[in-house]
Amino acid sequence: MERGQPVWLRSQASRWGWVPAVIHDREEIVIKGITVIKITLRDDPNGGGDAATEAASSPYLDADLHRSNSISGGDGYYADVEPFEVTLTIDIESAERDELEDIKTRDYEATHRVVGGVDDLIGLTHLHEPAILHALRLRYDADIIYTSTGPILIAINPFKSMPLYTDEVMQRYRLEGEHSSSTATKAPSRPGATKKVVDANDGTRLPPHAYQTADDAYRAMMRGIEMSLSGGAARRQKTQRSRSNQIKDKADDMETPTDQSILVSGESGAGKTVTTKIVLNYFAMLSKLAAEAHDGAEKATDQEVEKQVLQSNPILEAFGNARTIRNDNSSRFGKYININFNQTGRLTGASIDTYLLEKVRLIHQKEGERNFHIFYQFLKSATEEEREEFYLSDMQLEDFALVKQSETFERRDMVSDVDMHREMIEAMVSVLRAMT
């Protein structure tokens, strides 16, 4: 670490946990026979943005009168942090390896082609906590909610509607997936796959998106099916079996490496439920196109299994989701969705396993939270006939101990319980019709 070098300094004074700083002074001293580095750090008013700067122009190498009274050029990121000067003693070896716990190397700010510097965090020059947080913050402020880190997709809930899920956007990622697949295999990945290439300026992939993750899984599945049909999977399984005596003889030789998993995880309110819907919608679109290519558009319309899969969401949400302090549509259970495709890429069915339902919510809700949606939906939507059938007469939500404990009856996300109940009933009728 040299004089004038920009760094990140861990600080409890900032809500971000880190503040941009610059090394104002550096001196090697000896303490009890051990040589260490004594450094003086000052706030960096130009740090945290995306503007070009040079080390030689750092004002901190001059007199105090050059210092700014605001941090990060007034962009608001560090408005709660006052100008500071901190002196620390650090180990030389740790400094050389950039392994200091409270100080991390920061890039000289530059204007990047991509907001935050990269679409994939693996490409960051310094891959550590403050660099990751800073890149994600810049992208989020630019309404870029998706960022890759290797095969993992990071999604930050924007808490507003985004124009990222239109049919046009969906088709762009489908075309990219088909082009990538045909380039890799020299043939379309499924019957009817178009050979049209993606319109990209430099031949690189489209920006990270949930559609991209779903498409990658779908193409990998289709490649596995093709390998299975050509015998490649069977040969590979035979090789794997010979290398490991832990594989039981009862393993089915017809099993193929086609199974793909997408794990959607995150804290409450992160957007897991919505992301799952986005992925399912994308699979439904691919399935419909595969059916049209194989069976013809008219026949495919009559066999829309994908509709039944999508219509399970309103039912699950009604009985398993609730308003919490942080999220108005929080899933209070875990679920595993198993989606089945045939060799043409057509969705043939799905099953949903649920677990760890928060049953205690039935009898107790915290202040500001609600019971499961179904109670509010039904009581607000019940017809006169239903009220008479279930002996509700003119009773309202306030009349039931099951839902009135928290004195919270409405949703904050502008979603109507009446509309959701209607959607749930339609989904139930559709699913029941498909089962008969």
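As the structure is a prediction and not an experimental result, all values here were calculated from the model. (Residues numbered from 1 in each chain as written. Predicted model: local features only at pLDDT ≥ 70, side-chain atom pairs only at ≥ 80, totals over all residues. Heavy atoms only, no water.)

1. Quick notes on the overall build of the protein
Put simply, the rule reads: We count a stretch as a helix when DSSP gives it H or I for four or more residues in a row; a strand needs E for two or more, and each element gets its number in order from the N terminus. Any two residues having at least one pair of non-hydrogen atoms within 4.5 Å are treated as being in contact. All accessible-area figures derive from a Shrake-Rupley calculation using a 1.4 Å probe, and residue coverage is judged against the displayed protein chains alone.
Looking only at helices and strands, one finds 13 helices and 11 strands in the protein. Nonlocal contacts in the protein, meaning residues at least 24 apart in sequence, comprise 62% of its contacts between residues at least 6 apart. Taken as a whole, the protein presents about 25100 Å² of accessible surface, with 52% of it coming from carbon and sulfur.

2. Section: the packing of helix 10 (residues 373-381) against helix 13 (residues 417-435)
Condition: Note on method: axes are straight lines fitted to C-alpha atoms, helices fitted across the in-contact stretch only, with angles between N-to-C directions ranging 0 to 180 degrees. What sets the label is the angle itself: under 35 degrees gives roughly parallel, over 145 gives roughly antiparallel, 65 to 115 gives roughly perpendicular, and the rest give oblique. Three categories are distinguished: nonpolar for Ala, Val, Leu, Ile, Met, Phe, Trp, Tyr, Cys and Pro, charged for Asp, Glu, Lys and Arg, and polar for the others, with Gly belonging to the last.
Between helix 10 and helix 13, the shortest axis-to-axis distance is 8 Å and the interhelical angle comes to 95°. As the angle between them shows, helix 10 and helix 13 are arranged roughly perpendicular. Contact residues: helix 10 offers Ile374, Tyr376, Gln377, Phe378, Lys380 and Ser381, while helix 13 offers Asp417, Val418, Met420, His421 and Met424. Its residues assigned to classes, the contact of helix 10 with helix 13 shows six nonpolar, three polar and two charged.

3. With respect to the pattern of salt bridges
Operational definition: Take a side-chain nitrogen of Lys or Arg and a carboxyl oxygen of Asp or Glu: if they are within 4 Å of each other, that pair is a salt bridge. Three exposure classes are used, based on accessible area relative to the maximum for each residue type with a 1.4 Å probe and protein chains only: buried under 20%, partly exposed in between, and exposed over 50%.
Going through the model one piece at a time under the given rule, you end up with 22 salt bridges. Between arginine 42 and glutamate 85 there is a salt bridge whose closest N-O contact spans 2.6 Å. Here glutamate 85 lies in strand 4 (residues 85-91) and arginine 42 lies in strand 3 (residues 34-43), a separation of 43 residues in the sequence. Residue arginine 42 is classed as buried on the basis of its relative accessible area, which comes to 5%. Where salt bridges share partners, they join Arg332, Glu358, Arg361 and Glu369 into one cluster.

4. Regarding a negative patch on the surface
Our working definition: A residue counts toward a patch only above 30% relative accessible area and without a salt bridge, and it is joined to like-charged neighbours within 9 Å or, for Val, Leu, Ile, Met, Phe, Trp and Tyr, to nonpolar neighbours within 5 Å. When charges are counted, neither His nor the chain ends are considered; positive counts come from Lys and Arg and negative counts from Asp and Glu. A charge is said to be at NZ when it belongs to Lys, at CZ for Arg, at CG for Asp and at CD for Glu.
Negative charge collects at one region of the surface, where Glu384, Glu385, Glu388 and Glu389 lie side by side. If you trace the backbone, glutamate 389 turns up in helix 11 (residues 384-389). By relative accessible area, glutamate 389 is classed as exposed at 52%.

5. A word on the side chain of arginine 106
Filter applied, for reference: Any N or O atom pair separated by 3.5 Å or less is treated as a polar contact, with the protein-specific requirement of one donor-capable and one acceptor-capable atom, and with residues adjacent in sequence counted only for side-chain atom pairs.
Within the secondary structure, arginine 106 is located in the loop between strand 5 (103-105) and helix 2 (129-141). Reaching out from arginine 106, the side chain makes a polar contact with the backbone oxygen of valine 7 at a distance of 3.0 Å.

6. Some details on the nonpolar core
To keep it simple, the criterion reads: In these notes, a set of buried Ala, Val, Leu, Ile, Met, Phe, Trp, Tyr and Cys residues joined through side-chain atoms within 4.5 Å is what counts as a nonpolar core.
In terms of nonpolar packing, the biggest core is built from 26 residues, with Tyr211, Tyr218, Tyr282, Phe283 and Phe341 touching the most fellow members. The set of elements that each furnish at least two residues to this core consists of helix 3 (167-185), helix 4 (210-230), helix 6 (272-295) and strand 10 (334-341). Here tyrosine 211 is in contact with Leu164, Tyr165, Val169, Met170, Tyr173, Ile278 and Tyr282, once residues within four sequence places are set aside. Counting 20 residues, the second largest nonpolar core, distinct from the first, contains Val19, Ala21, Ile37 and Phe84.

7. Some words on the confidence of the model for the protein
Filter applied, for reference: By definition, pLDDT measures how confident the predictor is in each residue, and it falls between 0 and 100.
Averaged over the protein, the pLDDT score is 82; the fraction of residues at 70 or greater is 79%. Note that residues 245-256 has pLDDT below 50 and, in this model, 12 contacts with residues that lie over four places away or in other chains.

8. Side note on the environment of isoleucine 337
Locating isoleucine 337 in the fold gives a position in strand 10. Distance from isoleucine 337 to serine 261, taken between C-alpha atoms, is 9.8 Å for residues 76 residues apart in sequence. Not counting residues up to four positions away in its chain, the partners in contact with isoleucine 337 are Thr276, Leu280, Ser351 and Ile352.

9. Re unusual backbone geometry
A negative phi angle characterises most non-glycine residues, just as the trans form characterises most peptide bonds. Even without being glycine, phenylalanine 159 reaches a positive phi, approximately 55°. On the accessibility criterion, phenylalanine 159 (60% relative accessible area) is exposed. A positive phi angle, near 55°, is found at leucine 356, a position not held by glycine. Tracing the backbone through its elements, the reader meets leucine 356 in the loop between strand 11 (347-355) and helix 10.

10. Re the pairing of strand 7 (residues 152-155)
Here is the rule: Two strands are said to pair when DSSP picks up at least two bridges between them.
Here strand 6 (residues 146-149) runs beside strand 7; their pairing, made up of four bridges, is antiparallel. Residue pairing across strands places serine 148 opposite leucine 153, the latter belonging to strand 7. In textbook terms, the turn of a hairpin is the stretch between consecutive antiparallel strands, and for strand 6 and strand 7 this stretch comprises two residues, one of which, glycine 150, has a positive phi near 65°.

11. A look at helix 10
Because an α-helix completes one turn every 3.6 residues, residues spaced three or four positions apart along the sequence face the same direction. For helix 10, every residue scored as buried is listed here: His373, Ile374, Tyr376, Gln377 and Leu379. Looking at the buried positions of helix 10, the neighbouring elements they touch are helix 9 (312-320), strand 8 (321-322), helix 11, helix 12 (401-404) and helix 13.

12. Focus on the sheet that holds strand 3
Within the open sheet, the five strands sit side by side as 4-3-2-1-5. Their pairing is antiparallel. Strand pairing shows two members of the sheet lacking a second neighbour, strand 4 and strand 5, which therefore form its edges. On average, adjacent strands in this sheet sit at an angle of 40° to one another, irrespective of strand direction. Across five bridges, strand 1 (residues 6-10) lies against strand 2 (residues 18-31) in antiparallel orientation. Bridging across to strand 2, proline 6 finds its partner in valine 22.

13. What about the packing of helix 9 against helix 13?
Quick note on the threshold: Crossings are sorted by hand: turned counterclockwise from the far helix by less than a right angle, the near helix makes the crossing left-handed, and turned clockwise it makes it right-handed.
Contact geometry for helix 9 and helix 13: axes closest at 8 Å, N-to-C directions at 125°. One element, helix 9, and the other, helix 13, form an angle in the oblique class. Viewed along their axes, helix 9 and helix 13 form a crossing whose handedness is left-handed. Touching Pro314, Ile315, Ala318 and Phe319 of helix 9 are Glu423, Met424, Ala427, Met428 and Val431, all from helix 13. Among the residues making up the contact of helix 9 with helix 13, the classes are represented as eight nonpolar, no polar and one charged.

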